[in-house]
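Each chain, written out:
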Amino acid sequence: MDVVEVDGLRIAFRRAGSGPAVVFVHGGAEDGRAWSPQLDALSDEFTVIAWDEPGAGGSGDVPEGFALSDYADSLAGLLRALDVAPCTLVGLSWGVTVILELYRRHPDVVRSLVLADGYAGWRGSLGPAEADVRLAGLLDQPADSFDPTLPGLFAGPPPAEFVPLLEAMAADVRRHSMLTALTAMARADLTDMLGTIQVPTQLIWGALDARSPLSVAHDFQRLIPAADLAVIPGCGHVSNLEAPEAFNDILRFFLRRHPA
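Residues numbered from 1 in each chain as written. Predicted model: local features only at pLDDT ≥ 70, side-chain atom pairs only at ≥ 80, totals over all residues. Heavy atoms only, no water.

J.: I tried to follow the packing of helix α5 (residues 128–140) against helix α7 (residues 175–187) on my own but got confused; where do I start?
T.: Working note: a packed helix pair is described by the angle between its axes plus the distance between those axes. Following both chains from N to C, one finds α5 and α7 inclined at 170°, their axes separated by 10 Å at the closest point. By the angle between their directions, the pair α5 and α7 is classed as roughly antiparallel. Mapping the contact onto sequence places A131, L135, L138 and L139 in α5 and R175, L179, L182, T183 and A186 in α7. The class makeup of the residues in the contact of α5 with α7 is seven nonpolar, one polar and one charged. (Axes fitted to C-alpha atoms, helices over the stretch in contact; angles between N-to-C directions. Helix = DSSP H or I, 4+ residues; strand = E, 2+ residues; numbered from the N terminus. Parallel < 35°, antiparallel > 145°, perpendicular 65-115°, else oblique. Contact = heavy atoms within 4.5 Å. Nonpolar A, V, L, I, M, F, W, Y, C, P; charged D, E, K, R; others polar.)

Following this line, the structure appears as structure tokens:
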């Protein structure tokens, strides 16, 4: 793991391989380790980078008042510090929300987008009522009861080979940081900027995603100009872990079709 300082914040990241840069942005209550299958598979052809967002993994804690715009600015700062912009951004779930805000604020750092099982914010993609219910459920959850296999993340039981990884990431979750990120996602509505995306965009969705259902994917496809949608059968929300081979094949095909 390497570290850089961005606007006074310690940002940790994993980097492997060589070739065009592909930067991975993890979901809520995760860190860059969530992308291990992708880093392992794609480092033969690409420079693969997975950040730990502020407040996650090896990165520093989030300051008070940290907002969605601050996550986006930190990510842009990392890309510039590593001199990899413009590059391909790959996000899942909350990572998609961060990437959309990044594109709004810093379109110059983005070459292409891969958006998986994500949201234009919970408010934007699920509506205010569902966003409020989800946020209330998180706020009411006892600090020591976080379940890394949150019901609805997978179509069935979590893949046995990744349970130790999920448990390790869950053990490192900082409650304040997790709630800061997920509160930002609950409040966000980035629907209005989907139509402004002017870079090649690949959507990847689990057919059985219960957290961000296929209706959200179809909204993204309808609103983002020329976006392609690939649906992975029998797969839930965390498609990169539940079906890593299918996910990697879709991703590699997209990256080859849109070379740097």
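J.: Help me out: how do you make sense of the packing of aromatic side chains in this one?
T.: What the rule picks out here adds up to six aromatic pairs. Aromatic side chains Y119 and W122 sit 6.3 Å apart centroid to centroid with 85° between the ring planes, which places their arrangement in the edge-to-face category. Given the relative accessible area of 1%, Y119 is considered buried. What makes W122 buried here is its relative accessible area of 3%. With a centroid separation of 5.7 Å and 65° between ring planes, the pair formed by W205 and F220 is classed as edge-to-face. (Phe/Tyr/Trp six-rings, centres within 6.5 Å; stacked < 30°, edge-to-face > 60°. Buried < 20%, exposed > 50% of the residue type's maximum accessible area, 1.4 Å probe, protein only.)

J.: Explain the pairing of strand β3 (residues 21–25) here, please?
T.: In the case of a regular strand, side chains alternate between the two sheet surfaces. Counting buried positions over the five residues of β3 gives five, a clear majority of the element. Going residue by residue along β3, you find A21, V23 and V25 tucked away on one face and V22 and F24 tucked away on the opposite face as well. Judged from the four bridges that link them, β3 and strand β4 (residues 47–52) form a sheet pairing that is parallel. Bridge pairing links V23 to I49 in β4. With four bridges joining them, β3 and strand β5 (residues 87–92) adopt parallel strand pairing. Bridge pairing links F24 to V90 in β5. (Pairing = 2+ DSSP bridges.)

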